[in-house]
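Analysis of the macromolecular model
Residues per chain are reported as follows:
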Amino acid sequence: MKDVAAAAGVGLKTVSRVVNGESGVREATAQRVRAAVAQLGFRRNDSARLLRQGRHTSSVGLVLDDVSDPFSSLLHRAVEEVARAHGSLLFTGSSAADPARERELTLAFCARRVDGLIVVPTSAEHSYLAQEMAAGTAVVAVDRPLPGLAADAVLSDNRGGSRSGADHLLRQGHRRIGYLGDLPGIFTAAERLHGYRQAMADAGCAVQSHWVSMGGPDPVGVRLALDRMLAGRHPVTAVLCGNNRTSVAVLREWGTRAQRPALVGFDDFELADLLATPVTVVAQDPIRLGRTAAQLLFRRLAGERGRPQLIELPTRLIPRGSGESAPAPEPAR
């Protein structure tokens, strides 16, 4: 500002008034200031100005698990739209499912004085956020809760959604249903496994140990798990996948195998409805998740008080073909 003032031949107060759109400056003088601003490439420091005025920084942070995942992309877009409607800038980073990276990102956003945070938690330890919340930073968890921390959370009905997928296969006559899930330490993975087991138990179907594999969408791991599930005289006749990437890995395997059990996936994915046999899925609504979490965050920033909220959004079963086939008749003995 000193450089602009010197170039325009005015005082600092005059530069401040012009830059901030205030009245009380003659038009000829204002034009000289604007010309100096353009010539010198001056940019107003909004964060410093807001902090001097004792106001919020009009920015929020979003920490995702994997920014490349379509689920994360849709969630991000929804949060950004709500932030923009509230006049806030959104900063985003990906933890890559690394607890250390998540903490680093979260604290980096806090150091930049964001007004609030929306976090897709990776680690089981978030006590470090208690100090930031006590200092006034609003925090909302999305997709998974923040263990050990009294914070708002917006989740999908993971357990109920997985159960609905297994129930759907059971209604087609399947009794030997395999389950391919993510790492068991992940909240959503544990909840979806529980829903599958609950549906099988309620139907009186004992789950064999080799029917369940919890290891994520690694292609080699998926191939080996399917080898176990499809081996022997009584292979599984259907498979329930715990996330969209696992569903894609299974579909790639289907292209090399004669045995192709019925398939239901958790999470929709691009082109799932356009395959030769469209994929039946239990669909979450990442846009609604992101929007709900962001709206809750801005209500907190506006002064809403009360106990932390846990909002659970429903899932939706979309039958398309891959999960509607009946099991093949048992061979005669």
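Before any of the text, the structure's been laid out above.
Each value, and the rule that gives it
- Residue indices follow the written sequence of each chain, beginning from 1 at its first position.
- Only residues with pLDDT of at least 70 are given local features in this predicted model, and only at 80 or more are side-chain atom pairs given and counted; all residues enter the totals for whole chains, interfaces and linings.
- Side-chain calculation: all heavy atoms of the structure are included, whereas hydrogens and water are not.
- Helix and strand definitions follow DSSP, with helices as H or I runs of at least four residues and strands as E runs of at least two, each counted in order from the N terminus.
- Radius of gyration here is computed from C-alpha atoms only, and the compact-globule reference equals 2.2 Å multiplied by the residue count raised to the power 0.38.
- Exposure categories follow from relative accessible area, calculated using a 1.4 Å probe and restricted to protein chains: below 20% of the type maximum is buried, above 50% is exposed, and the middle band is partly exposed.
- Only heavy atoms enter the contact rule, under which two residues are in contact if any of them lie within 4.5 Å.
- Here the open area of atoms and residues is found with the Shrake-Rupley method and a 1.4 Å probe, where only the protein chains shown may cover a residue.
- When charges are counted, Lys and Arg contribute as positive and Asp and Glu as negative, whereas His and the chain ends are disregarded.
- Lys charges are placed at NZ, Arg charges at CZ, Asp charges at CG and Glu charges at CD.
- With a 1 Å grid spanning the protein atoms alone, the term cavity applies to any set of points in which a 1.4 Å probe fits but cannot get out, the term pocket to an open set with protein on both sides within 12 Å along at least five of seven lines, and the term lining residue to any residue with an atom within 4 Å of a point.
- Grid points are joined across faces, edges and corners, and a volume is the space filled by probe spheres set on the points.
- As a working rule, the residues Ala, Val, Leu, Ile, Met, Phe, Trp, Tyr, Cys and Pro are called nonpolar, Asp, Glu, Lys and Arg charged, and the rest polar, with Gly in that last group.
- To get an axis, a line is fitted to the C-alpha atoms, and for a helix only the part in contact is used. The angle between two axes follows their N-to-C directions and goes from 0 to 180 degrees.
- By the definition adopted for this analysis, an angle is roughly parallel if under 35 degrees, roughly antiparallel if over 145, roughly perpendicular if from 65 to 115, and oblique otherwise.
- Only Phe, Tyr and Trp rings take part, Trp by its six-membered ring, and two of them pair if their centres are within 6.5 Å. Stacked means planes under 30 degrees apart, edge-to-face means over 60, and tilted covers everything else.
- Any Lys NZ or Arg CZ that is within 6 Å of a ring centre and within 35 degrees of that ring's normal is treated as a charge sitting over the ring.
- Paired strands, in this sense, are two strands between which DSSP finds at least two bridges.

1. Things to note about the overall build of the chain
Looking only at helices and strands, the chain features 12 helices and 12 strands. Against the 2.2 N^0.38 benchmark of 20 Å for 333 residues, the chain shows a C-alpha radius of gyration of 26 Å, more extended than a compact globule. In terms of overall dimensions, the chain has a C-alpha envelope of 100 × 40 × 30 Å along the principal axes. A burial count over the chain gives 44% of its 333 residues as buried. The long-range fraction of contacts in the chain, counting pairs at least 24 apart against all pairs at least 6 apart in sequence, stands at 65%. Of the roughly 16,900 Å² of accessible surface on the chain, 51% is carried by carbon and sulfur atoms. Put simply, the chain has 41 plus and 34 minus side-chain charges, and the middle of one group is 5 Å from the middle of the other.

2. Focus on empty space enclosed by the protein
Inspection of every chain in the model, using the stated rule, returns one cavity of 30 Å³ or more. For the largest cavity, the calculated volume is near 30 Å³. Lining the largest cavity, in full, are Leu 155, Ser 156, Asn 158, Arg 159, Phe 187, Glu 191 and Glu 312. Counting only elements with at least two residues in the lining of the largest cavity, the list comes to strand S5 (152-156), helix H8 (158-171) and helix H9 (187-202). A class-by-class count of the residues in the lining of the largest cavity yields two nonpolar, two polar and three charged.

3. Quick notes on the packing of helix H2 (residues 12-19) against helix H3 (residues 27-40)
Two numbers describe how H2 lies on H3: the axes approach to 10 Å, and their chain directions differ by 85°. Here H2 lies roughly perpendicular to H3, going by the angle between them. Facing Thr 14, Val 15, Val 18 and Val 19 of H2, the residues of H3 in contact are Thr 29, Ala 30, Val 33, Arg 34 and Val 37. Among the residues forming the contact of H2 with H3, the class breakdown is six nonpolar, two polar and one charged.

4. Some remarks on the environment of Val 222
Checked against the element boundaries, Val 222 lands in helix H10 (residues 219-229). Using a relative accessible area of 1% as the deciding quantity, one classes Val 222 as buried. Through-space distance from the C-alpha of Val 222 to that of Gly 181 is 9.7 Å; in sequence the pair is 41 residues apart. What Val 222 contacts, discounting residues up to four positions off in sequence, is Leu 180, Gly 216, Pro 217, Ala 249, Val 250 and Glu 253.

5. Details of the packing of aromatic side chains
Following the criterion strictly, the structure yields two aromatic pairs and no others. Ring centres of Phe 91 and Phe 109 lie 6.4 Å apart, and the angle between their planes is 25°; this geometry places the pair in the stacked category. Highlighted residues: Phe 91 in strand S2 (residues 89-94) and Phe 109 in helix H6 (residues 99-111), separated in sequence by 18 residues. Judged by centre distance (5.1 Å) and plane angle (25°), the rings of Tyr 179 and Tyr 196 are stacked. With Tyr 179 in strand S6 (residues 177-181) and Tyr 196 in helix H9, this pair connects stretches of sequence that are 17 residues apart. Each member of the pair, Tyr 179 as well as Tyr 196, is classed as buried. Positioned over the ring face of Phe 266 is Arg 192, at 3.9 Å from the centre of the ring.

6. Overview of the sheet that holds strand S4 (residues 138-142)
With respect to topology, six strands assemble into an open sheet ordered S2-S1-S3-S4-S5-S11, the strand pairing being parallel. Of all strands in the sheet, those bounded by a partner on one side alone are S2 and strand S11 (310-313). On average, each strand axis in the sheet is tilted by 15° relative to the strand beside it, whichever way the strands run. Pairing of strand S1 (residues 59-64) with S2, which is carried by six bridges, proceeds in the parallel orientation. Within the sheet, the bridge partner assigned to Leu 64 lies in S2 and is Ser 94. Along the sheet, helix H12 (residues 286-301) makes contact with S1, strand S3 (116-119), S4, S5 and S11, crossing S4 at roughly 165°.

7. Description of the sheet that holds strand S12 (residues 316-318)
Hydrogen bonds between backbone groups are what pair the strands of a sheet, and the pairing can be parallel or antiparallel. Ordered in space as S7-S6-S8-S9-S10-S12, the six strands form an open sheet in which the pairing is mixed. Each edge of the sheet is formed by a strand with only one pairing partner; in this case those strands are strand S7 (212-214) and S12. Strand-to-strand twist in this sheet, taken as the mean axis angle between neighbours without regard to direction, amounts to 15°. As paired strands, strand S10 (residues 280-283) and S12 are joined by three bridges and run antiparallel to one another. Bridged to Val 282 within S12 is Leu 317. Along the sheet, H10 contacts S6, S7 and strand S8 (238-241); its crossing angle with S6, the most-contacted strand, is approximately 165°.

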